[in-house]
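# Remarks on the overall topology
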Amino acid sequence: MRTSLRAKLLAGFAIDLVLMILLGWFASQQMGRMNERATFVEQQTIPSLDTIARMSTVINRYQVGQLEYLIYSNPYDKDRSRQKMGDLEAEMERYFADYQPLITSDEEQRRFEAVLVAWQRVVTANYERFIPAVALANTGSVQPFYSRMNPLYGDLSEAMEALSAEGQTQATSALEEVRATYLSAQTVIIGDTGLTILISAVIGLVLSGRIALRIGRLTSATAQVAAGDLDRQVEVVSRDELGTLAQSFNQMVTSLREQRSILEQRNEELHTSLLRQEQLTADLVRGKQAEEEAQRAQAAAEAASQAKSMFLANMSHELRTPLNAILGYAQLLKMGVGAGDPEAQGCYLDSILGAGRHLTSLISNVLDFSKIEQGKIELHIGPVEIAPLIHEVADIVTPLVQQQKNELRVNMPPDIGSMLTDGPKVRQVLFNLLSNAAKFTEAGTISLEVNALDESPAMIEFAVIDTGIGISAEHLQQLFQPFSQVDSSVTRRVDGTGLGLALSRQLCRALGGEISVTSEPGHGSTFRVVLPVGDLIEEPAQPVYNLA
Ligand code: ADP
């Protein structure tokens, strides 16, 4: 049933109001009743008793008047007494007339009429028997005449008492009624007030208790929902305002649950889409990387091809130069130029020899490199005394070093010892480095330093340090690439094939070592060759290394 809290409170208030109205109505009824009884006592009983008292006085005075009439002998006095009795009769008539409207019951009417009859008898007896008897017997005792009236006065007195008793009874019963009305009103007012208070208290306590209980449930449910428990529902006890609130709360929680599941679904979708996007990005990156690698490979291939073309052009030039010299001088000799001048002919022959050697060196370099390119190089490993090897290289290179006014310095510990390696290849590498240093240094110093490195495995370091033109950082990157030359113009100025350093690196690696360079343009370069002493490279079973 849908009863709102407001209606319940109003119903409680209405019950209280009805009780109060009933109480007021009852109290006013009771007070009206008491007022009526009090009015009755005041306006009926008291005047009637008062009239009865006055009537008794008149009767007494009438009796006294009779006695005076009997006693007085003087006619004047007798007349006055008669006069007085007549006045009293008139007064009595007035009292009867006054009393008549005060009569409230048949019993009283009957008793009043009895008084009336008894009084009439007294008056009648007075005029018909007493006064004539007194007049006839002027003398003698008064007793006989007066005594004859006594029974009549006795009847009158009795009737008066009966009437008075009736009045008293009525007054007493009216007062009793007022008292009873007062007591019952008191009981009802106290009871009604108590009932009103009880009903108010019960309604207040029950309603407030239930409201507090339901609000408490809602509060705890709200706290649980706030903590994330969206499965929480509140029992809808009734369909009042709190019931509607509980219903709205349940709807809100259901809606929140739906929203959350939608959000979770969206989140899931987003996550999946994110993963897909990441996958796509990764694919793209991979594609991009592959593309970059392909581009790099292509660029490297293009660079290699370009370097090869350049190398071929250089090689052709380098080969043609000594060949032209050989052909030129041979032609001169054949034509007989310088015939008879053995010195000039010797000079021509020296030039032919020098050009031939240069040609041999060039071809040997190309052949070596070609072998390396094919991945095959022959190594002849054996114990090599380091000091004699170094001195040999220094002796060979000294004239070249001195050509450009350079000084050669060799620094080597005296106990440098020996190593297990391919001596001619080491010599070739060092010669190449030293001749490069000599080519690119003018009036400077070229140092060859040899040191045993304190490493495991034991290594020997050969450092060729010059104070020449140096190499830029950009060129350092590609220095050991085959067919690369730093500056064609410089290369043109000095001899070179662009294969020396590439060959040197391949040889160092074949010997189990490495070559590196540091340089500062304008201040010189340092080439370091580090080779194992020999405990790593055992006697090779096969003197051929596959370098692929
Ligand atoms: P090449 O036989 O032409 O000298 P290399 O491979 O030995 O070929 O050298 C490649 C290039 O490296 C040289 O042409 C030169 O430009 C540069 N280079 C080598 N050594 C030095 C050095 N000590 N100082 C300056 N430049 C050098």
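Just so it is clear, the model here is predicted, and its values are computed rather than measured.

### A look at empty space enclosed by the protein
Taken as a whole, this structure holds one cavity of 30 Å³ or more when the rule is applied. In this structure, the largest cavity occupies an estimated 60 Å³ of space. The wall of the largest cavity is formed by Arg 214, Arg 217, Leu 218, Val 234, Glu 235, Val 236, Val 237, Ser 238, Leu 242, Gly 243 and Ala 246. Elements with a minimum of two residues in the lining of the largest cavity: helix H4 (143-226) and helix H5 (241-334). Per-class residue counts for the lining of the largest cavity are six nonpolar, two polar and three charged.

### Quick look at the side chain of Asn 406
Residue placement: Asn 406 occurs in the loop between helix H7 (386-403) and strand S3 (407-411). From its side chain, Asn 406 meets the backbone nitrogen of Gly 444 in a polar contact 2.6 Å long. Once residues lying within four places of it in the same chain are set aside, the contact partners of Asn 406 are Val 401, Ala 438, Thr 441, Glu 442, Ala 443, Gly 444 and Ile 446.

### Focus: helix H1 (residues 5-71)
Between the first and last C-alpha of H1 there are 96 Å, a value that for 67 residues agrees with the 99 Å anticipated at 1.5 Å per step. The largest bend in H1 is about 35°, located at Val 41.

### A short note on unusual backbone geometry
The linkage connecting Ser 456 with the following residue, Pro 457, adopts the cis geometry, with an omega of 0°. Residue position: Pro 457 is located in the loop between strand S5 (445-453) and strand S6 (459-466). For Lys 405, which is not glycine, the phi torsion reads 60° and is therefore positive. Among the secondary structure elements, Lys 405 is positioned in the loop between H7 and S3. Owing to a relative accessible area of 69%, Lys 405 belongs among the exposed residues under this scheme. The phi dihedral of Ala 443 falls on the positive side, at around 50°, and the residue is not glycine. By the secondary structure assignment, Ala 443 is in the loop between helix H8 (423-439) and S5. Relative accessible area serves as the criterion here: at 60%, Ala 443 is assigned to the exposed category.

### Things to note about the environment of Glu 407
Relative to the helices and strands, Glu 407 is located in strand S3. Exposure remark for Glu 407: the relative accessible area of 41% places this residue in the partly exposed category. Taking C-alpha positions, Glu 407 is 189 Å from Leu 156, a pair spaced 251 residues apart along the chain. In this view, Glu 407 contacts Val 401, Gly 444, Thr 445 and Ile 446; residues no more than four positions away in its chain are not counted. A polar contact is formed between the side chain of Glu 407 and the side chain of Arg 409, at a distance of 3.4 Å.

### Brief notes about the domain arrangement of the chain
Examined at the domain level, the chain breaks down into domain 1 (321-371) and domain 2 (378-532). One C-alpha centre belongs to domain 1, the other to domain 2; they are set 29 Å apart.

Reading the values: rules and limits
- Residues numbered from 1 in each chain as written.
- Predicted model: local features only at pLDDT ≥ 70, side-chain atom pairs only at ≥ 80, totals over all residues.
- Heavy atoms only, no water.
- 1 Å grid on protein atoms, 1.4 Å probe; cavity = no way out; pocket = protein on both sides within 12 Å on 5 of 7 lines; lining within 4 Å.
- Points joined across faces, edges and corners; volume = space filled by probe spheres on them.
- Helix = DSSP H or I, 4+ residues; strand = E, 2+ residues; numbered from the N terminus.
- Nonpolar A, V, L, I, M, F, W, Y, C, P; charged D, E, K, R; others polar.
- Polar contact = N/O pair within 3.5 Å; in protein donor to acceptor, adjacent residues only side chain to side chain.
- Contact = heavy atoms within 4.5 Å.
- Expected span 1.5 Å × (residues − 1).
- Bend = angle between axes of the 7 residues up to and from the residue.
- Buried < 20%, exposed > 50% of the residue type's maximum accessible area, 1.4 Å probe, protein only.
- Domains from an automatic or database assignment.

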